[in-house]
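Chain by chain, the residues:
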Amino acid sequence: MHTLVTAILVFALMILFHELGHFVAAKLSGIKVHEFSIGFGPKLVSLTHRDTLYAIRVLPLGGYVRMAGMESDDLDDPNGFNRKPVGQRAGVIFAGPFMNFVLALLLFVFTFTVIGIPTLSNSNVIGEVLPGRPAAKAGMMANDRVVAANGQPVTNWDDLVRVVHANPEREITLKVVRQGKEILLKVTPTLEPQAKVGQIGIRQTVTLHRLGFMEGVETGLKQTWALTVAVLSSIVQLITGTAPPGGLAGPVGITHMIGEAAQGGLAYLLNFAGILSINLGLINLLPIPSLDGSRLIFLSVEGIRGKPVEPDKENLIHMIGFALLMVLFLVITYNDILRLFGQTKLS
């Protein structure tokens, strides 16, 4: 339940910023907005202010800004979307994805300056003991300081790892200091099959290094740019078939990943949310019917032709595109469920 609530909050935040971009740009352009909604389906909460309905709806997996002049039976409003110059309309459409990049930047800067950048310590203090693993069974606890392993002094994490790795399936004796008292613990590392080394199921201490505000902004901008390039490269590889589609994840898979990120702490969760927001911004810019990128293509065609595509035809294309996206959504969700239960993916 905690994972589900966290995922809903992350999705809602990304959707809110995306739709807020469309909404603010529309208002600044003088476009009449009929409705600003987060979610789909029946209304949970709503209010009307200055001819705009603000609503939170049941299904939190989307949202929309319904503007005058975007439907065939609503083309006569002088403040409608269709009455504005192509450049202004393109700005309103682009503002949604753009705000997803802004959200990512804000999350990164907040993490770097307020929470801090997680940094693995080389200290000989145990940060975490994984349940069910040899260290936990031997009685080791978080914050234990390991001072010796098999009689060899341990002054840092590397010293401890060296002894553990060298003794797969052989019992070792660890001297730890807990609350000022020395304790001897016997533990048998398991063999890690790929690296062929011993492991006992412990993790390093993580420290948080905070940056100054200006350094945090600079680092946030660099990370936003680097991740944008990386995500864009992944999308191109998926489209061209040079990367397998198995890495695609839908709401079920993303919810699972959000839960895993949350277990690492707030810094990891916010960074993951920033990456998701960049993904959402880039995907919305793809020229796929019903997405913002497709609407920008239609506006480009209008700019070249000097007249718009007929609204009924454009809406039909978007409707078909939305239907196809829903089919893809269901297939990916099905794959997510099979993947979580360890079954073969649908291909």
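What counts and what doesn't
Residues numbered from 1 in each chain as written. Predicted model: local features only at pLDDT ≥ 70, side-chain atom pairs only at ≥ 80, totals over all residues. Heavy atoms only, no water. Core = buried A, V, L, I, M, F, W, Y, C linked by side-chain atoms within 4.5 Å. Buried < 20%, exposed > 50% of the residue type's maximum accessible area, 1.4 Å probe, protein only. Helix = DSSP H or I, 4+ residues; strand = E, 2+ residues; numbered from the N terminus. Contact = heavy atoms within 4.5 Å. Salt bridge = Lys/Arg side-chain N within 4 Å of Asp/Glu carboxyl O. Pairing = 2+ DSSP bridges. Expected span 1.5 Å × (residues − 1). Bend = angle between axes of the 7 residues up to and from the residue. Patch = residues over 30% accessible without salt bridge, like charges linked within 9 Å, V, L, I, M, F, W, Y side chains within 5 Å. Areas by Shrake-Rupley, 256 points an atom, 1.4 Å probe, with all protein chains shown as cover. Axes fitted to C-alpha atoms, helices over the stretch in contact; angles between N-to-C directions. Parallel < 35°, antiparallel > 145°, perpendicular 65-115°, else oblique. Left-handed = near helix turned anticlockwise from the far one by under 90°.

(A) Just the nonpolar core, in detail. Among the nonpolar cores identified, the biggest contains 18 residues, and Ile126, Met140, Val146, Leu160, Leu174, Ile200 and Ile202 are the most heavily contacted of them. Taken together, the elements giving at least two residues each to this core come down to β4 (126–129), β5 (145–149), α4 (157–165), β7 (172–178) and β8 (181–187). Top contributing element to this core by residue count: α4, with 4 residues. In this structure, isoleucine 202 is in contact with Ile126, Glu128, Val129, Ala135, Trp157 and Leu160, ignoring residues within four places of it in sequence.

(B) Structural view of the pattern of salt bridges. Under the definition given, this model contains 9 salt bridges. One salt bridge in this structure joins lysine 222 and glutamate 218, with 3.2 Å as the shortest N-O distance. Here lysine 222 pairs with glutamate 218, and both are found in helix α5 (residues 213–240), just 4 residues apart, close to one helical turn. On the basis of relative accessibility, which here comes to 54%, the residue lysine 222 falls in the exposed class. Since its relative accessible area comes to 44%, glutamate 218 is described here as partly exposed. A single network of salt bridges, built from pairs that share partners, joins Glu35, Arg57 and Arg66.

(C) The sheet that holds strand β6 (residues 152–153), seen in detail. Ordered by their spatial adjacency, 4 strands build an open sheet running β6-β5-β7-β8, and the pairing between neighbours is antiparallel. Each end of this open sheet is capped by a strand with a single partner; those strands are β6 and β8. Here β7 pairs with β8 via 7 bridges, running antiparallel. The residue of β8 that forms the bridge with arginine 178 is lysine 181.

(D) Molecular detail of the environment of glutamine 88. As for its position among the elements, glutamine 88 is in helix α2 (residues 86–115). The class of glutamine 88 is partly exposed, set by a relative accessible area of 35%. Residues glutamine 88 and alanine 26, spaced 62 residues apart in sequence, show a C-alpha to C-alpha distance of 8.6 Å.

(E) Summary view of α2. The first and last C-alpha atoms of α2 sit 43 Å apart over 30 residues, in line with the 44 Å expected at 1.5 Å per residue. Of all the bends found along α2, the most pronounced is centred on alanine 95 and spans about 35 degrees, while proline 97, a proline, follows it within four residues. Once α2 finishes, glycine 116 follows within two positions and takes phi at roughly 110 degrees, a positive value.

(F) Main features of a nonpolar patch on the surface. There is a patch of nonpolar side chains on the surface, built from Phe40, Leu44, Val45, Ile56, Val58 and Leu59 and spanning about 550 Å² of accessible area. Put simply, the parts of the chain that give the nonpolar patch at least two residues each are β1 (33–49) and β2 (52–67). Tracing the backbone shows valine 45 in strand β1.

(G) Inspection of the environment of isoleucine 297 at higher detail. Along the chain, isoleucine 297 turns up in helix α8 (residues 292–305). Under the relative-accessibility criterion, isoleucine 297 is labelled partly exposed at 45%. C-alpha of isoleucine 297 to C-alpha of leucine 285: the two residues are 12 residues apart in sequence and 9.9 Å apart in space.

(H) Main features of the packing of helix α1 (residues 2–28) against helix α7 (residues 266–284). Remark: α1 packs on α7, axes separated minimally by 10 Å, with the N-to-C direction vectors making an angle of 45 degrees. Comparing their axes, α7 and α1 come out oblique. The crossing of α1 and α7 is right-handed. Mapping the contact onto sequence places Thr6, Val10, Met14 and His18 in α1 and Leu269, Ala273, Leu276, Ser277, Leu280 and Asn284 in α7.

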